[in-house]
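Each chain is listed here by its residues.
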Amino acid sequence: MGIVTENLKNVEEKIQAACDRAGRDRSEVTLIAVSKTKPVDMLMEAYNDGIRIFGENKVQELTGKIDAMPQDVEWHMIGHLQRNKVKYIAGKVALIHSVDSFRLAEEINIQAKKHGVIIPILVEVNVADEESKFGVELADACQLVKECASLDGITVKGLMTIAPFVENPEDNRDVFKALKDKSVDIAAKKYDNVSMDVLSMGMTNDYEVAIEEGATMVRVGTGIFGARNYNI
Ligand SMILES: *Cc1c(COP(=O)(O)O)cnc(C)c1O
């Protein structure tokens, strides 16, 4: 058994166990295989194990892999996105997780119209208010969602967060709870063109806690493909 296959089996077991603990059905949680920096042959190993959703954080790498992988893969843009690069991914990605300003949302809207598509997006929230992280503050999330609702080339599907790096994943439980609470608040406002069905939270270190707190998408890289080497 290849290493990716073995890792996937392990991740799948942990997702199932977290769902069981939370009384949730496994079908409520979508696993996104975060393949940044990893070669196409490793992505193909995951593909051959049935993975069809991959997440990338850099536009150039993303478009290269779209061309190299089978057509039925669903691609998610999970990283910080510059406005001048939106044009390269419009029409090619199923979901953009990382919308953190109205200016970016407007550009996605423009490119969506050019390509004749409606682009699903998530609003990225910097729940812990870390200097080093992108995303709007929790207090500003509702306002950005409301503004995005007016753009008919995009559709807001929910919220995303990157929790702090912590030794003990329990330390992020409150972060995940806070994002879930915010999504419930926003959903109650019933904005047109907005749903709060997606809660993208949890990475290798903390996805089990995130699932217990309501994550509907977990973004797992290292846990599937192994540690990343940025020096190659
Ligand atoms: C790299 C990355 C991940 C995956 O991180 P791991 O800790 O390797 O699972 C998830 N989300 C985003 C936005 C990332 O950039």
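Draft legend 1. Region of the structure containing the overall build of the protein. In terms of regular secondary structure, the protein is built from nine helices and eight strands. For 232 residues, the compact-globule formula gives about 17 Å, and the C-alpha radius of gyration of the protein, at 17 Å, lands near that figure. Along the three orthogonal principal directions, the C-alpha set of the protein runs to about 50 × 40 × 35 Å. The buried share of the protein, taken over its 232 residues, is 51%. For the protein, long-range pairs separated by at least 24 residues make up 60% of all intrachain contacts whose partners lie at least 6 apart in sequence.

Draft legend 2. Geometry of the packing of helix α6 (residues 138-148) against helix α7 (residues 173-188). In the contact formed by α6 and α7, the axes pass within 10 Å of each other and the chain directions differ by 35°. As for how α6 packs across α7, the hand of that crossing is right-handed. The segment α6 lies against α7, with L138, A141, C142 and V145 engaging A178, K182 and I186.

Draft legend 3. Spotlight on the pairing of strand β7 (residues 194-200). Along β7, six of the seven residues are buried, which leaves the element largely enclosed by surrounding structure. In this structure, strand β6 (residues 154-160) lies alongside β7, joined through four bridges in parallel fashion. The partner of M160 across the bridge, within β7, is S200. Crossover connection from β6 via α7 to parallel β7: handedness right-handed.

Draft legend 4. Layout of the site of the ligand. Taken together, the residues surrounding the ligand are V34, K36, I78, I162, M203, T204, R219, V220, G221, T222 and R228. Within the side chain of K36, a nitrogen or oxygen atom sits 2.6 Å from an oxygen atom of the ligand. Within the contact set of the ligand, a nitrogen atom lies 2.8 Å away from a side-chain nitrogen or oxygen of R219. Burial of the ligand by the surrounding chains reaches 90%, relative to a free accessible area of 390 Å². The class makeup of the residues in the shell around the ligand is five nonpolar, three polar and three charged.

Draft legend 5. Local environment of the nonpolar core. Ranked by size, the top nonpolar core spans 68 residues in total, and within it F54, I96 and I108 carry the most contacts. With six residues, the top contributor of residues to this core is helix α1 (residues 3-22). Setting aside its immediate chain neighbours within four residues, F54 contacts I32, A33, S35, L43, A46, Y47, M69, V73, E74, W75, H76 and F225. Judged by nonpolar contacts, the second largest core, of seven residues, contains I32, I53, L95 and L122.

Draft legend 6. Seen up close, unusual backbone geometry. Even without glycine at this site, K190 takes up a positive phi of about 50°. With respect to the element layout, K190 can be found in the loop between α7 and β7. K190 gets classed as exposed once you look at its relative accessible area, which sits at 69%.

Draft legend 7. Just the pattern of salt bridges, in detail. Here the structure, examined in full by the defined rule, presents twelve salt bridges. Where R173 meets E212, a salt bridge forms, and the shortest distance between an N and an O atom there is 2.7 Å. In this pair, R173 is assigned in helix α7 and E212 in helix α8 (residues 207-212), connecting sequence segments 39 residues apart. On the basis of relative accessible area, R173 is assigned to the buried category, the value being 16%.

About the thresholds
- Residues numbered from 1 in each chain as written.
- Predicted model: local features only at pLDDT ≥ 70, side-chain atom pairs only at ≥ 80, totals over all residues.
- Heavy atoms only, no water.
- Helix = DSSP H or I, 4+ residues; strand = E, 2+ residues; numbered from the N terminus.
- Rg over C-alpha atoms; globule rule 2.2 N^0.38 Å.
- Buried < 20%, exposed > 50% of the residue type's maximum accessible area, 1.4 Å probe, protein only.
- Contact = heavy atoms within 4.5 Å.
- Axes fitted to C-alpha atoms, helices over the stretch in contact; angles between N-to-C directions.
- Left-handed = near helix turned anticlockwise from the far one by under 90°.
- Pairing = 2+ DSSP bridges.
- Right-handed = clockwise from strand over helix to strand, strands pointing away.
- Near = heavy atom within 4 Å.
- Polar contact = N/O pair within 3.5 Å; in protein donor to acceptor, adjacent residues only side chain to side chain.
- Areas by Shrake-Rupley, 256 points an atom, 1.4 Å probe, with all protein chains shown as cover.
- Nonpolar A, V, L, I, M, F, W, Y, C, P; charged D, E, K, R; others polar.
- Core = buried A, V, L, I, M, F, W, Y, C linked by side-chain atoms within 4.5 Å.
- Salt bridge = Lys/Arg side-chain N within 4 Å of Asp/Glu carboxyl O.

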